Amino acid sequence: MTPDVSGTPSPRTLIEHFPALAEHARPATLLRPSAGAPGLYDSSVGGPVLWPSDEPWPTCRAPHLVYKREKLSDRDRETLQDIDRRMKERRQARGGGAYEIAAEDARTQERIMAGAGVLDKITWERIRSVSEPHALPAPMIPVLQLFSRDVPGLPCPPGTDLLQLLWCPDDHAEPPGQPGYWGPSVEVRFRSAAGVTEIHEPPGPPQETKGGYVPRPCVLEPVGVIDLPDRDELPEALVEAAENWAEERGLEYARTFGCLPGWKAGGWPSWHLTDLVPIDCVCGSRMRLLLTVDSGEAPGLRVGRSGELRVFVCPSDDSHPFRLNIQ
Ligand SMILES: [Zn+2]
Ligand SMILES: [Zn+2]
């Protein structure tokens, strides 16, 4: 056994027991952010980024989601209250159980909601999300900066040693090139740190931000690990044997051996909310996980339902556009 510092068996231990897992293992770096005051030349979350003065600061032009409130008429409000009352009465008459809506009432409700997603029953307003362009191109904010010296194996294109991720801290429904994605619009840049001689002053804070999308500054304490895939990406017999082995030791395969949690460079993505969603490049290649941005911890972000935002890149050609996924 090769227990890690915490005494829990590591993915390496599992591979010793199941050598067939070795071909599925990938190196990863757990970034381990903690509150701090990172500098321009540090790997960081939410810290300053080394951005050249002769390159425009990235801005977002993708439409963002605006939540519009629409006051219901007194008549519509009363109709909805009557529907609620009838549901409660039916439930009471049955002695509990689920609330059931009559088909006709459901049609009325649908008519009154008029395509809006949410009803605020305190103010009696329909809340509708609408995609609208930003009033002005919105300056992006730094989320992550990684120097390859801190993250061995970071897939930096030739001549680069620095990875930067910035985003527009607002919700966007399927920004350009990101089908099925809903969240901040993201910009990823690789560059040569030595090539940045004059530093771009960051612009003022963005006009619009959504709570949970502005990271608190953190320094990183990266550690190299071996990561194994989610059960959906392994042969069934192999993953079942590994899961049984883990269970006998009071452990779970996922998140202890496979798809290690937290801020991460490389490794494997977890598919804990949906089944495996194949993320394919425009060239047809199955894309590889580049980065995982996590909710909570010291940076205090909240992506998805307190989930993980993952950035995937093409393994065949680093000029192909990246893809985003939230889980
Ligand atoms: Zn935006
Ligand atoms: Zn590609």
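Naming follows an unreviewed UniProt entry, where the protein chain appears as DUF1963 domain-containing protein of Streptomyces actinomycinicus.

Chemist: Could you give an account of the packing of helix H2 (residues 74-94) against helix H3 (residues 103-113), with specific residues and numbers?
Modeler: It is at 10 Å that the axes of H2 and H3 come closest, and there the two elements cross at 150°. In terms of orientation, H2 lies roughly antiparallel with respect to H3. Considering how the two elements wind past one another, H2 and H3 form a crossing that is left-handed. Contact residues: H2 offers Asp76, Thr79, Leu80, Ile83, Arg86 and Arg90, while H3 offers Asp105, Thr108, Gln109, Arg111 and Ile112. Class assignment for the residues of the contact of H2 with H3 results in 3 nonpolar, 3 polar and 5 charged.

Chemist: Summarise the coordination of the zinc ion (ligand 2); cite the residues concerned and give the values.
Modeler: Working reference: metal with six octahedral donors, ideal angles 90 or 180 degrees; metal with four tetrahedral donors, ideal angle 109.5 degrees. Summarising the metal site, the zinc ion (ligand 2) is bound by the protein donors Cys281 (SG), Cys283 (SG), Cys314 (SG) and His320 (ND1), whose distances to it range over 2.1 to 2.3 Å. Metal-centred angles of 104 to 112° between the 4 donor atoms at the zinc ion (ligand 2) mark the site as tetrahedral. With relative accessibility at 6%, the residue Cys281 sits in the buried group.

Chemist: So what about the packing of aromatic side chains? Which residues, and what values?
Modeler: Within the structure shown, the criterion is met by 4 aromatic pairs. Residues Trp167 and Tyr213 carry aromatic rings whose centres are separated by 5.9 Å and whose planes lie at 65° to one another, so their mutual orientation is edge-to-face. Taken as a pair, Trp167 in strand E10 (residues 162-173) and Tyr213 in the loop between strand E11 (182-191) and strand E12 (218-220) lie far apart in primary sequence, 46 residues in all. For Tyr213, a relative accessible area of 3% gives the class buried.

Chemist: Any details on the nonpolar core? Residues and values, ideally.
Modeler: Ranked by internal contacts, the top residues of the largest apolar core, which has 29 residues, are Leu144, Leu146, Leu165, Trp167, Leu291 and Val311. Among the elements of the structure, strand E9 (141-147), E10, E11, E12, strand E15 (288-294) and strand E16 (308-313) are those that each provide at least two residues to this core. Within the second largest apolar cluster, 14 residues are counted, among which are Leu21, Leu228, Leu234 and Ala246.

Chemist: Describe in detail the pattern of salt bridges, supporting the description with residues and values.
Modeler: Where side chains of opposite charge bring their charged atoms close, a pairing between them can arise. Under the definition given, this model contains 23 salt bridges. A salt bridge links Glu55 to Arg191; the nearest nitrogen and oxygen atoms lie 3.0 Å apart. One end of the pair, Glu55, is in the loop between strand E3 (44-45) and strand E4 (59-60); the other, Arg191, is in strand E11, with 136 residues separating them in the sequence. A relative accessible area of 8% places Arg191 in the buried class. Between Glu187 and Arg189 there is a salt bridge, with the nearest N and O atoms lying 3.3 Å from each other. One salt-bridge network, held together by shared partners, links Glu55, Glu187, Arg189 and Arg191.

Chemist: Describe the sheet that holds strand E7 (residues 125-132), with residues and values.
Modeler: Spatially, E5-E7-E6 is the arrangement adopted by the 3 strands of the open sheet, whose pairing is antiparallel. Taken across any chain shown, the strands that pair with only one partner, and hence form the sheet edges, are strand E5 (64-71) and strand E6 (118-120). Direction aside, the axes of adjacent strands within the sheet are offset by 35° on average. With 3 bridges joining them, E6 and E7 adopt antiparallel strand pairing.

Chemist: Outline the coordination of the zinc ion (ligand 1), listing residues and values.
Modeler: Protein coordination of the zinc ion (ligand 1) is provided by Cys60 (SG), His134 (NE2), Cys168 (SG) and His172 (NE2), with donor distances spanning 2.0 to 2.3 Å. Around the zinc ion (ligand 1), the 4 donor atoms are arranged such that angles at the metal cover 104 to 122°; this shape is classified as tetrahedral. Every donor residue of the zinc ion (ligand 1) comes from the same chain, spaced as C-x73-H-x33-C-x3-H. Residue His134 is found in the loop between E7 and strand E8 (138-139), and its partner His172 is found in strand E10; the two are separated by 38 residues along the sequence.

Chemist: Before we move on, could you go through the environment of Ile127 and cite the residues and values that matter?
Modeler: Along the chain, Ile127 turns up in strand E7. Residues Ile127 and Glu70 lie 57 residues apart in sequence; the distance between their C-alpha atoms is 6.5 Å. Setting aside residues no more than four positions away along its own chain, Ile127 makes contact with Tyr67, Lys68, Arg69, Ala116, Gly117, Val118 and Asp120.

Chemist: How would you sum up the side chain of His24? Please name residues and give values.
Modeler: With respect to the secondary-structure elements, His24 resides in the loop between helix H1 (11-17) and strand E1 (26-30). In contact with His24, other than residues within four places in its own chain, are Asp227, Leu228, Pro229, Glu233, Leu234, Pro235, Leu238 and Trp268.

Calculation criteria
- Residues numbered from 1 in each chain as written.
- Chains lettered and ligands numbered in written order.
- Predicted model: local features only at pLDDT ≥ 70, side-chain atom pairs only at ≥ 80, totals over all residues.
- Heavy atoms only, no water.
- Axes fitted to C-alpha atoms, helices over the stretch in contact; angles between N-to-C directions.
- Helix = DSSP H or I, 4+ residues; strand = E, 2+ residues; numbered from the N terminus.
- Parallel < 35°, antiparallel > 145°, perpendicular 65-115°, else oblique.
- Left-handed = near helix turned anticlockwise from the far one by under 90°.
- Contact = heavy atoms within 4.5 Å.
- Nonpolar A, V, L, I, M, F, W, Y, C, P; charged D, E, K, R; others polar.
- Donors = N, O, S within 2.8 Å, 3.2 Å for Na, K, Ca; no water.
- Tetrahedral: all angles 85-135°; square planar, octahedral: opposite > 155°, others 65-115°.
- Buried < 20%, exposed > 50% of the residue type's maximum accessible area, 1.4 Å probe, protein only.
- Phe/Tyr/Trp six-rings, centres within 6.5 Å; stacked < 30°, edge-to-face > 60°.
- Core = buried A, V, L, I, M, F, W, Y, C linked by side-chain atoms within 4.5 Å.
- Salt bridge = Lys/Arg side-chain N within 4 Å of Asp/Glu carboxyl O.
- Pairing = 2+ DSSP bridges.

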